[in-house]
Amino acid sequence: MFTIATAGHIDHGKSSLVRALTGTDPDRLPEEQEREMTIELGFASFQLLNGDPVGIIDVPGHERFIKTMISGVGAIDMVLMIVAADDGWMPQTQEHLSILKYLGARLGIVVLTKVDLADQDWIELVRADIRAKTKGSFLEGCNIIEFSAVDNRNLDVIKQEIDSVLHKTLREMPDESARLFVDRSFSVAGTGTVVTGTLREGDLRVGQEVKHHPSGRLIKVRSLQSFYSDLDRAQPWIRLAVGLQSAERELIKRGDILYYPPDLQVSDQLAVKITPEPNQTRYIRHNREVILLHGTREIEARLILPTPEIVCDDGTYLALIRLAGRTIAKSGDRFVLRLATPSLLIGGGQVIDPNPRGVARRDLDLWQALMAAATLDAESLVRYESSRMELCRSEELLKQSLFTRAEVREAVDKLCRAGELMFVGEQLVSTSVWNKAISACLKSLENFHQQNRHLSTMPLAQLYAQVAHSEQLTNLVINHLEADARVERVGPGLKLTGFSAGLTEQQEETKRRMLAELKKQHRVPVNRRDLLALANGAEAVYGFLKQNQEIVDVEGVVFLRTDFEEMTDEIKSHLSNHGTITVSEARDITGTTRKVVVPLLEELDRRRVTRRDGDYRKLAE
């Protein structure tokens, strides 16, 4: 099944051509037939010479229905650009051509209609104008076929040309996920709610569960039909009517999306490249309110441009589009931008990152990475996404893109061979990110040792906070450096191999004074503030004693480690023999006071040596 669409100015004969090709009137609404003007999308079908079915989407030509037109041409194999011989190329013809360009149309022909109303000299002038107007577009050099609905002249020639063009079509779309952008929703007796749309990628099967956006509900596919033919399985880029099980008619409307797998991310902003419409560049400005047309939906949005603005070599602008609503987008998706007031086409473009996070206008490094990814080939996007994710499995890369898994694997393999990506265990990481993480860890350790000569190790929590990489990546880097004997783990800390902590003579004297203060009264702790007040620079010595486990600090109450461990052993022994202990019993057993034993017991609770049960403590299980 192929899908084609008409395009062109109002009253140029699009619907008449569809009727001639298919025998079906695409104007199904009474007001359309009464006014002889297409208002809604029309649908019909016919067969190619070899029997392959072709679905035709007939779009309205009036400028007031431009969003309806866009919703019909987002996923098509070719375009029939209709130009009336008596009128020639008109404003809406030009706008439709621009929209088709932004939406990625690649193939088409021009049908010159109403040739019975013009003489041959005029027709030749119109033909020359069409050649000029289509230069540089996907229609450049295409056949221009004359047609009249009065006598159906050249109808067979048009069918043959459609057949020839369609068999040049190559489709490679991801099969692990699917999206159907809904353009109609209605009820059918005996079936229930039915939605129609063109399947963008992937396939759908009867009985399959799909997720509905924006409700988030899972809905089962009851039936599939394409131009009155029942299907068990639908493949990409065909027109579909999907019967849904247990879905209320009011739930689903034009612009909604049916998709799988259900973990595709919903987007409220997009990182994009924008191609401005000629002479409309002035509207591509920071904070500009725009209308985004994506899939079959129209969303109010705002442009966020970097500082300074970035214009790529091909003249496209990099931007964030901040949405007033939400959508399911993928890297490579195409869109159209319009102004609400005045109603004006200002450009279109493609999505680079469907879920950008933490993008600041002045973050030049990130915008440069987006610019490198703006070529939108698989390698560039893998390079960009792997650096943003830091660590991932290869199957997670470009999960939300228009590339097949085979194309992604090929790009990953190529970048690994080039040394740009590497595997650390089963995790994939950008080589540049990996090297930066190694440098950041070593630099942080070096700075810590220089500033804290008295401390033997740097706490891991402090290292995680300084290196600006994920904890998972940092741990892999530490394991790598440890295997290379460049760092050593010591308890909960880390140090450069060969580093030895030490105290100056003055600090050694402060240490002796601190320990003497703690030993002054047997098993009586000292307030941390009093210890730190013993000498200038006592904080460093206190840190040395704590890290070397000569003291235990219980929320500002400092014990000698030997005293703390002795009292802990006495409490545990009592609990082993008697099962429970009270504060008074702990006081008597340790030969201390309530002031000493309460913080001691609370610390044992925190360490899960004991657990409190009312007025009693028990050994933690």
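Remember, predicted model here, so these are calculated numbers, not experimental data.

(A) Inspection of the nonpolar core at higher detail. With 38 residues, the main nonpolar core has Leu100 and Leu112 as its most contacted residues. For this core, the secondary-structure elements that each account for two or more residues are β1 (2-8), α3 (66-72), β4 (78-84), α4 (91-102), β5 (108-113), α5 (120-133) and β18 (289-294). A per-element tally of this core places α4 first, with four residues. When neighbours within four sequence positions are excluded, leucine 112 is seen to be in contact with Val83, Ala84, Ala85, Ile123, Val126, Arg127, Ile130, Ile144, Ile145, Glu146 and Phe147. Within the second largest apolar cluster, 28 residues are counted, among which are Ile310, Cys312, Phe403 and Leu421.

(B) Structural view of empty space enclosed by the protein. Per the stated rule, a full pass over the model turns up one cavity of 30 Å³ or more. Space inside the largest cavity adds up to approximately 50 Å³. Broken down by secondary-structure element, the contributors of at least two residues to the lining of the largest cavity are α3 and β9 (192-201). Looking at which element gives the most residues to the lining of the largest cavity, the answer is β9, with three residues. The residue inventory of the lining of the largest cavity, partitioned by class, reads three nonpolar, six polar and three charged.

(C) Highlighting the packing of aromatic side chains. One pass over the full model with this rule turns up one aromatic pair. Centroid distance phenylalanine 559 to phenylalanine 564: 5.8 Å. Interplanar angle 65°. Geometry classified as edge-to-face. Accessibility assignment for this pair places phenylalanine 559 and phenylalanine 564 in one class, buried.

(D) Geometry of the sheet that holds strand β26 (residues 487-490). The three strands are arranged β25-β27-β26 in an open sheet whose pairing can be described as antiparallel. Where the open sheet ends on each side, the last strands, each with one partner, are β25 (458-459) and β26. Where β26 lies against strand β27 (residues 493-496), four bridges are found, and the strand directions are antiparallel. Bridge pairing in β27 places valine 490 opposite glycine 493. Sitting on the sheet, helix α10 (residues 431-451) touches β25, β26 and β27, and the angle it makes with β27 is about 90°.

(E) Looking closely at the environment of arginine 233. Residue position: arginine 233 is located in strand β14 (residues 233-234). We classify arginine 233 as partly exposed; its relative accessible area is 42%. Distance from arginine 233 to valine 206, taken between C-alpha atoms, is 6.6 Å for residues 27 residues apart in sequence. Excluding its chain neighbours within four sequence positions, the residues that come into contact with arginine 233 are Asp203, Leu204, Arg205 and Leu224.

(F) Highlighting the packing of α10 against helix α12 (residues 471-483). Axis separation between α10 and α12 bottoms out at 10 Å; the angle between their running directions is 75°. Put simply, α10 runs roughly perpendicular to α12. Contact residues: α10 offers Val433, Trp434, Ala437, Ile438, Cys441 and Leu442, while α12 offers Leu473, Thr474, Leu476, Val477, His480 and Leu481. Grouping the amino acids of the contact of α10 with α12 by side-chain chemistry returns 10 nonpolar, two polar and no charged.

Parameters and conventions
Residues numbered from 1 in each chain as written. Predicted model: local features only at pLDDT ≥ 70, side-chain atom pairs only at ≥ 80, totals over all residues. Heavy atoms only, no water. Core = buried A, V, L, I, M, F, W, Y, C linked by side-chain atoms within 4.5 Å. Buried < 20%, exposed > 50% of the residue type's maximum accessible area, 1.4 Å probe, protein only. Helix = DSSP H or I, 4+ residues; strand = E, 2+ residues; numbered from the N terminus. Contact = heavy atoms within 4.5 Å. 1 Å grid on protein atoms, 1.4 Å probe; cavity = no way out; pocket = protein on both sides within 12 Å on 5 of 7 lines; lining within 4 Å. Points joined across faces, edges and corners; volume = space filled by probe spheres on them. Nonpolar A, V, L, I, M, F, W, Y, C, P; charged D, E, K, R; others polar. Phe/Tyr/Trp six-rings, centres within 6.5 Å; stacked < 30°, edge-to-face > 60°. Pairing = 2+ DSSP bridges. Axes fitted to C-alpha atoms, helices over the stretch in contact; angles between N-to-C directions. Parallel < 35°, antiparallel > 145°, perpendicular 65-115°, else oblique.

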